[in-house]
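Overview (structure and organization)
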Amino acid sequence: GMPFSHFKRCLKGDFAPIYFWQEHNNPNGGIRGMVHRSQHRTSSTSLASERAARYLFSTLDNLVRLPRADQDRFIQHMRLRDEISQEPPQIDGIDMPHTREQVDRMCLRSVFSMFMNFPTEDVFEIEGHACISLVDKVKTVLAQGTELSFMQDDDGSINLDGFNGSPRAAALLAQLRQGLEVGEADSTSFGHLTLWSDSFLRNFSRQRENSFWIFVVRISPPEGMSTSSNHTFCLAWGSSKHCHDKVIAHYLEEVKSLMKGNEMYYGAREESPARMVNTCFGLAAYLADTPERNSILHRMNLGNYGLRSGVAGRVDHKRLPSCETCFKRNVEALLEGRTVPNQTRSCCGDWDQFSNSLANMHDKTEGTNYPNKVSTDNPHSFPRGRAPVNETHLVSIKQDFRQMENGVKAALYEYSNKSWSTQAILKYYLSSLGIDTKVQTWVANAGMAMRRSGGVQVSEHLYIPKIWQLGFSIELWLETAMHQLGHGVIASLIELVESIFTEHKLWSEFCRFATKLFGDVMAFRLEWCHLKSLPKSCWLAEDEFGYGRLMLFVYGQYFIQKNINVDTILGATLFQLRQLLSSCNVMVSLLMSKEPLPEDVGEKLARINKLDAHIKVFLSCCHRFCQSYFDPSITEFWMGKSNFISLLNLPEQIAKFGPLGLYWDGSFERFIQGPKSILKSARKSPASLMAKMRIMQAFSFMDKVRTDLGLDTRADSNKRYLGVYVFPSRQDVIDRMSRGRCLSGFILDHFLGTVFIPYSVGRSDFGVVRLNFDRTNVRSNGCGLNYAKFWDSGPKEAKYSKSELDRGSNILNRYCLLLPHSERGGNFDSTYSIICDDYFTLRRDGSVGENELCKE
């Protein structure tokens with residue numbers, strides 16, 4: 001076996017080295033050693049039997065999450081069992097605890113108890129936050145033998161699965177290989193880290209006092225394991241009212257140390273023995289919603305210069321949108337499969353804030369507090385586009401850390417030597433850089449201190465956020481699909497339609513109509529199309545995305561069945577509303593596509609330009625609908641939130657980081673439920689938070705031990721949502737089709753014009769109803785959803801195992817829903833639309849592929 005000195009060198013703490021040394025040299029040696037030490041209350045290296053270890057760990061596992069009164073009842077049950085057996089309560093020389101004293105001594109509270117001896121990370125405090133080391137957590141994860149998906153393994157092989165095949169992974173791997181300081185690049189395992197932070201309520205009473213902030217890391221999860229508790233960990237938490245800057249800066253410093261390379265012990269895995277391995281980890285991305293992201297980066301959140309995330313500049317809702325001519329040209333190009341090249345327009349901004357168009361020259365500095373003079377001896381350079389002299393108009397500029405830092409230093413110099421006489425001038429200038437009010441106040445205070453001291457310099461850490469100076473790119477803080485599209489764009493459109501229908505007294509009727517249409521889909525309980533009934537209340541992002549998939553179906557059918565009077569404002573603008581809904585559905589489908597970017601540079605550029613064009617068409621539809629429906633005095637709805645205008649950031653982000661689905665932050669939102677249950681009884685004091693953090697880490701470690709001992713009772717078969725619904729019988733499918741009800745099925749790419757609907761054959765097998773459709777006669781429902789006529793091709797005797805319906809099997813390519821189409825007053829004639837789990841739909845040419853704009 002490996003000598004103990006190796007573990008002492010690689011792992012910190014009193015318990016980790018001996019635990020993993022014993023684990024390395026003996027089957028389940030780590031937990032067996034802990035059990036022996038809990039019995040004999042010594043630091044012995046002897047081992048208990050595996051049978052005793054399983055029993056004592058199971059006892060701990062049942063007790064540790066219970067309130068003390070419930071623990072006492074469980075202990076009483078164990079004592080009664082021992083009285084009945086009339087045998088010494090021992091297993092292979094290890095006591096079977098059946099009194100409170102024994103339970104506390106061996107399982108819960110003693111210095112040598114199992115719960116206190118798990119090799120968890122040390123907890124420390126940073127400004128009221130309870131924290132653990134990121135480096136130590138990575139070492140623990142590797143020592144446990146957790147399966148990780150490295151971008152490059154230590155044998156030099158490159159992995160291209162999932163995130164590892166993205167442009168961001170390629171750039172990160174190249175950066176890490178070049179900057180590696182420990183070991184040889186070809187024999188190093190390179191991994192990636194994803195950071196996430198947010199605030200949450202542990203309960204809904206006294207919300208101001210019950211809001212907590214949490215900081216989480218995800219460590220190189222294999223494909224399909226992004227929600228695994230073996231790869232996602234809480235590193236810090238504290239009150240939301242505290243400043244989190246030093247906590248985040250601390251962890252970014254730890255990331256920098258991991259980027260240099262470290263030799264670590266990597267525990268045994270399937271078909272891979274335990275060994276020492278040189279590792280290097282880098283930051284793939286930092287995920288957060290817009291308010292959290294802006295707070296971390298100290299950017300303005302909304303306001304005149306903070307409406308578009310990552311851009312400092314005013315948005316003119318009249319000049320920036322495409323004019324009628326440019327809108328028609330863009331739509332025609334997309335319908336014909338062409339890409340309109342980006343170029344400066346003299347007629348409008350065409351949604352390009354950075355062009356030299358006169359439409360972007362609208363933010364005049366004259367008559368404002370923008371500074372009009374600068375000292376000749378200022379040693380700091382002002383950012384491009386924000387020079388105080390000769391700037392008649394402020395154009396939009398992309399933010400980056402160096403630019404913001406230079407702007408702050410230059411502005412402080414001018415204010416401290418009184419070239420800029422008032423704080424109003426200073427703060428106006430910093431606002432024009434998109435810098436938040438907190439930093440503005442820091443700079444103003446630093447300037448006043450320098451004025452009072454006669455120009456004595458103030459330490460930079462008092463007015464410049466440390467995160468700006470750590471060497472990370474501001475681009476790592478990504479726009480996230482869940483908040484920007486789900487809680488943002490889609491939710492806003494649902495609310496918009498609700499307000500319009502309510503104004504015309506149609507909302508209650510529409511809710512009943514939609515609930516009837518959605519009934520089947522909700523009953524299917526599909527993992528990729530979650531739905532809740534209207535009206536919208538307490539929806540998750542998955543529910544909003546599910547509604548977004550079906551909104552062309554439900555709105556299209558409603559507009560067909562409801563004869564809306566053209567003399568009303570809704571009737572007069574129904575065409576613009578349909579354009580808005582259709583363009584949104586197509587845009588979301590393309591943005592959420594799981595298709596990897598083409599490797600060919602030209603094809604990749606064409607793909608990105610196509611995404612950019614669809615975003616601009618959608619934003620134009622938002623603007624056109626507002627112009628046609630609302631009074632000009634009312635602020636256009638897309639101007640009230642940053643989610644809409646920030647869509648323009650996504651093409652460039654996708655080009656550099658890959659598809660949005662790789663950075664889905666919903667898995668982190670679900671992770672909150674674990675910490676929330678632990679923090680329910682926590683006080684806000686650092687001591688209480690640190691104690692709860694120790695408990696959290698112990699629980700996390702126990703999850704892995706439970707699996708290793710074969711005590712994990714969670715069954716993968718009990719999934720709440722599935723990819724496809726299996727109908728009770730073939731006849732049930734035929735009956736549903738005859739009545740025009742929704743159907744759930746799957747598609748095989750090499751069977752063109754065919755959808756397969758599964759039905760149950762016994763407990764473990766299924767058969768299929770093979771439905772063909774007419775690919776030569778595809779029509780639109782007027783909202784952008786195409787439909788065709790379907791028919792049953794006849795019974796087939798073949799049957800298959802239900803396991804073949806799992807995602808990734810050889811029998812299917814994609815799951816799908818068939819959505820019935822019917823005309824007003826007509827009988828259902830077996831016409832259906834197709835939508836798929838990967839956002840493919842039935843296209844005009846009869847194929848199933850990427851969504852496209854409706855010609856009508």
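What you are looking at is a predicted structure, and each value in this text was computed from that prediction instead of being measured. (Residues numbered from 1 in each chain as written. Predicted model: local features only at pLDDT ≥ 70, side-chain atom pairs only at ≥ 80, totals over all residues. Heavy atoms only, no water.)

1. Remarks on the overall build of the chain
When you go through the chain residue by residue, the secondary structure sums to 27 helices and 22 strands. Burial status across the chain gives 57% buried among its 856 residues. Sequence separation of 24 or more characterises 68% of the internal contacts of the chain that already satisfy a separation of 6 or more. In the form shown here, the chain has an accessible surface area of approximately 36800 Å², with 49% of it arising from carbon and sulfur atoms. Averaged over its 100 positive side-chain charges, the chain has a centre that lies 4 Å from the centre of its 95 negative ones. (Helix = DSSP H or I, 4+ residues; strand = E, 2+ residues; numbered from the N terminus. Buried < 20%, exposed > 50% of the residue type's maximum accessible area, 1.4 Å probe, protein only. Contact = heavy atoms within 4.5 Å. Areas by Shrake-Rupley, 256 points an atom, 1.4 Å probe, with all protein chains shown as cover. Lys, Arg positive; Asp, Glu negative; His and termini not counted. Charge placed at Lys NZ, Arg CZ, Asp CG, Glu CD.)

2. Describing the packing of aromatic side chains
Tallying each qualifying case throughout the model produces 53 aromatic pairs. With 6.0 Å between their ring centres and 40° between their planes, Trp-213 and Phe-215 make a pair best called tilted. Under the relative-accessibility criterion, Trp-213 is labelled buried at 0%. Seen from their ring centres, Trp-420 and Tyr-429 are 5.2 Å apart, and the 55° between their planes marks the pair as tilted. You can call Trp-420 buried: its relative accessible area is 1%. (Phe/Tyr/Trp six-rings, centres within 6.5 Å; stacked < 30°, edge-to-face > 60°.)

3. Here we look at the pairing of strand E15 (residues 765–773)
For E15, the buried fraction is high: 8 of the 9 residues fall into the buried class. As paired strands, strand E14 (residues 754–761) and E15 are joined by 8 bridges and run antiparallel to one another. If you follow Pro-758 over to E15, its bridge partner there is Val-768. Hairpin connection of E14 to E15: 3 residues between the antiparallel strands, including Gly-762 at a positive phi of 75°. Of the strand pairs in this sheet, E15 and strand E18 (residues 800–801) are connected by 2 bridges, and their pairing is antiparallel. Across the sheet, residue Phe-766 finds its bridge partner in E18, namely Tyr-800. (Pairing = 2+ DSSP bridges.)

4. Describing the state of the cysteines
Per the stated rule, a full pass over the model turns up 0 disulfides. Cys-280 supplies the cysteine sulfur nearest to Cys-10, a cysteine that is in no disulfide, at a spacing of 16 Å. Assessed through its relative accessible area of 5%, Cys-10 is described here as buried. Residue Cys-243 stays outside any disulfide, its sulfur separated by 13 Å from that of Cys-131, the closest cysteine. (Disulfide = S-S within 2.5 Å.)

5. Considering the environment of Ala-52
In this fold, Ala-52 is placed in helix H4 (residues 50–63). With a relative accessible area of 3%, Ala-52 lands in the buried category. Along the backbone, Ala-52 and Gln-90 are 38 residues apart, and their C-alpha atoms lie at a distance of 8.5 Å. Those residues in contact with Ala-52 that lie beyond four places of it in its chain are Ile-91 and Ile-94.

6. Digging into helix H3 (residues 29–40)
The end-to-end C-alpha distance of H3 is 16 Å, a good match for the 16 Å that 12 residues give at a rise of 1.5 Å each. Every buried residue of H3 is accounted for by Gly-29, Gly-30, Ile-31, Arg-32, Gly-33, Met-34, Val-35, His-36, Arg-37, Ser-38 and Gln-39. Elements in contact with the buried residues of H3: helix H2 (16–25), H4, strand E2 (94–95), helix H6 (100–108), helix H7 (114–117) and helix H26 (686–708). Where H3 ends, the next residue or the one after it, Arg-41, has phi of about 55°, a positive value. (Expected span 1.5 Å × (residues − 1).)

7. A short note on the confidence of the model for the chain
Taken as a whole, the chain shows an average pLDDT of 90; of its residues, 97% reach a score of 70 or greater. Between the elements of the chain, mean pLDDT differs from a low of 82, seen in helix H5 (residues 68–85), to a high of 97, seen in helix H10 (residues 245–259). (pLDDT = per-residue confidence, 0-100.)

8. Notes on the nonpolar core
Counting residues in hydrophobic clusters, the biggest one holds 149 residues, and the most contacted among them are Phe-118 and Trp-477. Contact partners of Phe-118, with chain neighbours within four places excluded, come to Phe-15, Ile-31, Met-34, Phe-57, Leu-60, Ala-698, Phe-701, Met-702 and Val-705. Ranked by size, the runner-up nonpolar core spans 120 residues in total, among them Leu-517, Cys-783, Leu-805 and Tyr-815. (Core = buried A, V, L, I, M, F, W, Y, C linked by side-chain atoms within 4.5 Å.)

9. Let's talk about the packing of helix H20 (residues 574–591) against helix H21 (residues 601–629)
Contact geometry of H20 with H21 gives a least axis separation of 9 Å together with a crossing angle of 155°. The angle between H20 and H21 places the two elements in the roughly antiparallel class. By crossing handedness, the relation of H20 to H21 is classed as left-handed. Side by side, H20 and H21 meet where Gln-576, Leu-577, Gln-579, Leu-580, Ser-583, Cys-584, Val-586, Met-587, Leu-590 and Leu-591 of the first sit next to Arg-607, Lys-610, Leu-611, His-614, Ile-615, Val-617, Phe-618, Cys-621, Cys-622, Arg-624, Phe-625 and Ser-628 of the second. A class-by-class count of the residues in the contact of H20 with H21 yields 14 nonpolar, 5 polar and 3 charged. (Axes fitted to C-alpha atoms, helices over the stretch in contact; angles between N-to-C directions. Parallel < 35°, antiparallel > 145°, perpendicular 65-115°, else oblique. Left-handed = near helix turned anticlockwise from the far one by under 90°. Nonpolar A, V, L, I, M, F, W, Y, C, P; charged D, E, K, R; others polar.)

10. Some thoughts on the pattern of salt bridges
Here the structure, examined in full by the defined rule, presents 45 salt bridges. When the shortest N-O distance is used, the salt bridge between Arg-9 and Glu-263 registers 3.3 Å. With Arg-9 in helix H1 (residues 4–10) and Glu-263 in strand E8 (residues 262–266), this pair connects stretches of sequence that are 254 residues apart. Residue Glu-263 is classed as partly exposed on the basis of its relative accessible area, which comes to 41%. Members of the salt-bridge network, linked through shared partners, are Arg-68, Asp-72, Arg-100 and Asp-104. (Salt bridge = Lys/Arg side-chain N within 4 Å of Asp/Glu carboxyl O.)

11. Overview of the side chain of Gln-39
Turning to its location among the elements, Gln-39 is positioned in helix H3. Not counting chain neighbours up to four residues away, the residues in contact with Gln-39 comprise Gly-93, Ile-94, Asp-95, Arg-105 and Met-106.

12. With respect to H4
The first and last C-alpha atoms of H4 sit 20 Å apart over 14 residues, in line with the 20 Å expected at 1.5 Å per residue. Listed in full, the buried residues belonging to H4 are Ala-52, Ala-53, Tyr-55, Leu-56, Phe-57, Thr-59, Leu-60, Asp-61 and Leu-63.

13. Things to note about the packing of helix H16 (residues 481–503) against helix H18 (residues 541–561)
Interhelical geometry of H16 versus H18 gives an angle of 35° and a closest axis separation of 9 Å. For the element pair H16 and H18, the recorded crossing hand is left-handed. Of H18, the residues touching H16 (which contributes Ala-481, Met-482, Leu-485, Gly-486, His-487, Ile-490, Ala-491, Ile-494, Val-497 and Phe-501) are Ala-541, Glu-544, Phe-545, Tyr-547, Gly-548, Tyr-555, Tyr-558 and Phe-559. Taken together, the residues that form the contact of H16 with H18 break down as 14 nonpolar, 3 polar and 1 charged.

14. Quick notes on the side chain of Arg-730
Secondary-structure assignment places Arg-730 in helix H27 (residues 730–738). A relative accessible area of 18% means that Arg-730 is categorised as buried. Not counting residues up to four positions away in its chain, the partners in contact with Arg-730 are Tyr-759, Val-768, Val-769, Asp-792, Gly-794 and Pro-795.

15. Some remarks on the pairing of strand E3 (residues 123–126)
One ladder, built from 4 bridges, connects E3 with strand E4 (residues 129–132); its direction is antiparallel. Within the sheet, the bridge partner assigned to Ile-126 lies in E4 and is His-129. The loop that links E3 with its antiparallel partner E4 comprises 2 residues; one of these, Glu-127, has a positive phi angle of about 45°.

16. Observations regarding unusual backbone geometry
At the junction of Leu-534 and Pro-535, the peptide bond is cis and its omega measures out at 0° in the coordinates. Within the fold, Pro-535 resides in the loop between helix H17 (507–524) and H18. With a phi close to 50°, Asp-92 is a non-glycine residue in the positive phi region. Topologically, Asp-92 is positioned in the loop between strand E1 (90–91) and E2.

17. With respect to the environment of Lys-260
Within the secondary structure layout, Lys-260 lies in the loop between H10 and E8. For Lys-260, a relative accessible area of 40% gives the class partly exposed. Spatially, the C-alpha atom of Lys-260 lies 19 Å from that of Ser-149, the residues being 111 residues apart in sequence. Sequence-distant contacts of Lys-260, that is, excluding residues within four places in its chain, are made with Leu-180, Glu-181 and Val-182.

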